[in-house]
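# Report on the structure
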Amino acid sequence: MNRWRQSVGEIQARQRQVTECERAQVALSKVTACFQQMASSLGSDSDGSSLREELAETRALAHKICTGLHRRLLALLAEGEQGQEREHVERMWVFLLTGLETFQKDLKKVGSLQEFFPLTQRKDRDTLVKTGTSGGALEIAARVATIQTPWLAVEDDQIPDMKTQISKMDSLMQEMLQRVNVPLWSVEAKQEAWVEDIKDEPDQDETLEEMMQVELVSQEGTTSNCCHHPRCKLGCILCLLN
Amino acid sequence: MTIRSNRDHGQHYRPRMFCLKKLQELVVGMQDPKNGVKGSEQKLNITVIPHVMTGQDIASWIANFFKMDADEALAMGTMMVAFGYIYPLQNHRKLVLKADDSFYRFQTPYFWPVQKWLAEDIDYAIYLAKRNIRKKGILEPYEQEHYNNFNKWLNHKWDFIVLQAQEQYRAGKERKKADRVVFDCQERAYWIVNRPPPRTHSAMDHGLSRLIDPNSEEEQTYDQYRRINIFLEQAIMRAKVKSSVSLGAFVKYITTFKNHDPFLSPCLPSNPWQTDDSTYWDINTRSVEIPTKMRVERWSFSFFELLNDPRGRADFKVFLKKEFSGENLAFWEAAEEMKWGAADSMKEKAETTFKTFLAPGAPRWINIDGRTMGLTVKGLEHPHRYVLDAAQTHIFMLMKKDTFYRYLKSPVYKDMQKKAINPEPHNFSEAQLEQNARNRKPGIDPIIIWQQEQEEKAKAAAAAMPVDVKQMMSKLDRKK
C-alpha cells in the first residue's frame, strides 16, 4: 500500500515538473519573440541606450529560462520511462534545441549590430538608419516583464556577457546533442499545419495589404469624404473604387 | 538543429558577396543629417510615418555623391533595392528604383543582407505561419507551397514554429500602430529579397553553393604553413617566361588571325548563327572540292594549321605524292591514330607501325635520327598510347622545316590559291531573314560524316598498301 502511494506521489511530482516545463516553453517563445521585436529596432534611429539595456535584460531572462529548462528536461529524460510521457518530454527537448538554435542566431545578429552601431559618442547617432520607427522598446519591455517562469525567483545568476552567453548556448546545444540520444526526426508535431491564433481580443487588425491599398488612394487625394474609422472596411473599398 | 558530419560533402554555403559591405557603408553615408538623403513623411489614414523618400531623391543623391550620370545612378539605386537595403512601398514585389515620385524607405539593419547571416528556412516558416495567423488565406500560391513543404520537412520543429509565430504576432500587436506597419513592411521586404517569388530576378541568386564556409576563419596550422612554404619554393624554382616574350607571341597570333576570327571580322558569306543561312558551313566542309580563300590563306600561317584542317591535309598529301615522300605524313597520321585510338588496339597498331615504318628495310621507312629510333623501338616492346610521341615530334619538325616551305612555293598550292573561291557577303533583308529562319533544316547527320570518313580511310589504306608483286604479275599474265 505504501509503495503504491509512493509511486502515485512520484507520478504527480513528475506531472508537475512536466507542466512546469511546458509553461517554461511558452515563456521561452515569448521571450524570444519579444527579443526579436526589440532587435529589429537596433541600428535604426529609435535605437538608444534604453533599448540596449532592455535587450540585455531580456536575454538574461532567456538565459535563465534556457538553462533551467535544460536542467529539468535532462532530469526528466534521465528517468528513462517509455511511452507517451517520454514522447512528450522528447518533444519538449527538440523544442528547446530548436529554440536555442534560433535564439543563438538572434544573439549573434544583435552582437554584431551592437558592434557596428556603437552608441558611445554623440556623433554615432548620425549613422543610425532612418527607418521610420518612432517608438522604442517600451511596450515590448512591458510584455517581457509579464513573463513568468516557476523558477525565476528562485535562481539568481548574474547577467552574462553577450559573448559568453553565445558560447554557453553553443556548449549547451552540443551537450544536448551528444548526451541524450533523441533522434530529432522521430518527434512528431502536435500542432496542425494551418493554424489560427486564439483570438484574445476582437480583430481590429487590418492587414498590411489593405492599409497599403488605402495609402495609394489617399495619395491621389480622393479620400476627403471617406470616414477613417478603423473598422469601416466598406468605406475603404469605396475609396478604392474612387 | 542542423547536424553536419564530416562525411557530408554537400555544398551548403553561400559564396562571399563582396558588394554587401560596400553597400552598407553607402547606406550609412546616406543617413548623414546634413548631406544625406532628404526624407519626408508618409500619411497613412490617420497615422503619420516619417522617413520616406522618393525615388528621384535617392537617384539624384547617388548621382551627386559618386559624380555619375543619371542612368548609372539609377542602376546603382536598383542594386540597392534589389539587395534589400532600401525597399519600395508601392509595388513591393518589384525591386527596382524608379526615378519618380514613388516612395522608398530604408531597411532596418536587423534585416540587412550580411554575409554572415543567412535567411534560414525556419525563420521563413515562422514568417509564413505568422502571416497566416494574422489573416487566413493571405498566402500566395508559391508561399502556400513552401508552407506545406515546411510542414512536411520541418515537422519535428513544427511546434516551435507555430508557437513562435503566435508569440511574435502577439508581441507585434503590442507596438504602436505606425511602428507595426513599418515593421510589417520591413519584414515583408526582407522575405521578398531572400525568398523571391518564382520567375523573378533576384540579386541574391548566387549560383552554386560552396563546399567550404567562407565566413569561418581558417586557423592556420603548422602543417598548412609548411605546405604553403613548399608551394612557394617550388614556384620560385619554376622556369619562367618573360611577359614581353609571351605578350609578343599573343600579339603575333592576333595579328595573323585577326581576319579569321568570326567575332572580330564578318564571316563570309554570312554568319549562319545570325542569318540562319548555312552556306558558310556548306562551303567549309571537310572534303569540299574547292575551299575558300580564307581557308587556303590559313594553311600558310603555320604547318600546324595545315595539318589540322582536313582539306589542307589532303592537299598536302597530294603534294607529297608528287614528291614521293608520303611516308612522313603517313607515319604522323599513324602516330595520331595511336594516340587517339582505342586501348585494345594499341598492340596491333604498334606492330603494324613498326613493320611499316620503323623496321630496317620497311616498305615506308622514315628517316629519323638514331637516338629517337632506339628509344621508339625500345618503347614498342611495351606499347602505350604515347610511345611514338618522340618520333612523331621529330617527323613533324622535319616536315615543317623542309617540306612545308616547299609546299607553299609549289604549283599545287599556288593552283589551289587561284582556284579558291571568295564568296560574296550576303545582304539579307528582314523578310529574307525571317524566311531563312523558317526554312531551317537540320544538317548532315554526324554518323553519315563518320561513315564517309571511314570509307575514305579504307580507300586510302588500300591504295597505300605495298604493291604485291605476285598479284601484279598474275594480272599481267591474265591480260596476256
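As a reminder, the structure under discussion sits directly above these lines.
Keep in mind that what you see is a predicted model, and the values were worked out from it rather than measured.

## Overview of the sheet that holds strand β4 (residues 103-106) of chain B
Residues and elements named next belong to chain B. With respect to topology, four strands assemble into an open sheet ordered β1-β2-β4-β3, the strand pairing being antiparallel. What marks the edges here is a single partner per strand, and that holds for β1 (40-44) and β3 (86-88). Each strand of the sheet is rotated relative to its neighbour by a mean of 55°, with strand direction disregarded. Bridge analysis of β1 against strand β2 (residues 47-54) gives four bridges, and the strand direction is antiparallel.

## As for the interface of chain B and chain A
Taken together, the contact pairs 73 residues of chain B with 77 residues of chain A. Taking both sides of the interface into account, the surface hidden between chain B and chain A amounts to around 7200 Å²; carbon and sulfur atoms contribute 58%. Of the charged contacts, one joins B:D123 and A:K105 as a salt bridge, the two residues approaching to 2.7 Å between their closest N and O atoms. Seen at the junction of chain B and chain A, the total is 10 residue pairs in polar contact (both at pLDDT 80 or more).

## Considerations on the packing of helix α4 (residues 121-134) of chain B against helix α6 (residues 158-173) of chain B
All names here are of chain B. The contact between α4 and α6 brings their axes to 8 Å, and the two run at 55°. By the angle class used here, α4 and α6 are oblique. For the element pair α4 and α6, the recorded crossing hand is right-handed. Residues I122, A125, I126, A129, K130, I133 and R134 of α4 lie in contact with α6, whose contacting residues are F160, I161, Q164, A165, Q166, Q168 and Y169.

## Things to note about the nonpolar core
A:L73 and B:I58 are the most contacted members of the largest nonpolar core, which has 110 residues in total. Top element by residues in this core is helix α3 (residues 84-116) of chain A. It accounts for 12 residues. Not counting residues within four places of it along the chain, the set of residues in contact with B:I58 comprises B:M30, B:V37, B:M53, B:I86, B:L97 and B:Y104. Of all hydrophobic cores here, the second largest spans 36 residues; its members include B:L307, B:F319, B:L320 and B:L408.

About the thresholds
- Residues numbered from 1 in each chain as written.
- Chains lettered and ligands numbered in written order.
- Predicted model: local features only at pLDDT ≥ 70, side-chain atom pairs only at ≥ 80, totals over all residues.
- Heavy atoms only, no water.
- Pairing = 2+ DSSP bridges.
- Helix = DSSP H or I, 4+ residues; strand = E, 2+ residues; numbered from the N terminus.
- Axes fitted to C-alpha atoms, helices over the stretch in contact; angles between N-to-C directions.
- Contact = heavy atoms within 4.5 Å.
- Buried area = accessible area lost by both parts, 1.4 Å probe.
- Salt bridge = Lys/Arg side-chain N within 4 Å of Asp/Glu carboxyl O.
- Polar contact = N/O pair within 3.5 Å; in protein donor to acceptor, adjacent residues only side chain to side chain.
- Parallel < 35°, antiparallel > 145°, perpendicular 65-115°, else oblique.
- Left-handed = near helix turned anticlockwise from the far one by under 90°.
- Core = buried A, V, L, I, M, F, W, Y, C linked by side-chain atoms within 4.5 Å.
- Buried < 20%, exposed > 50% of the residue type's maximum accessible area, 1.4 Å probe, protein only.

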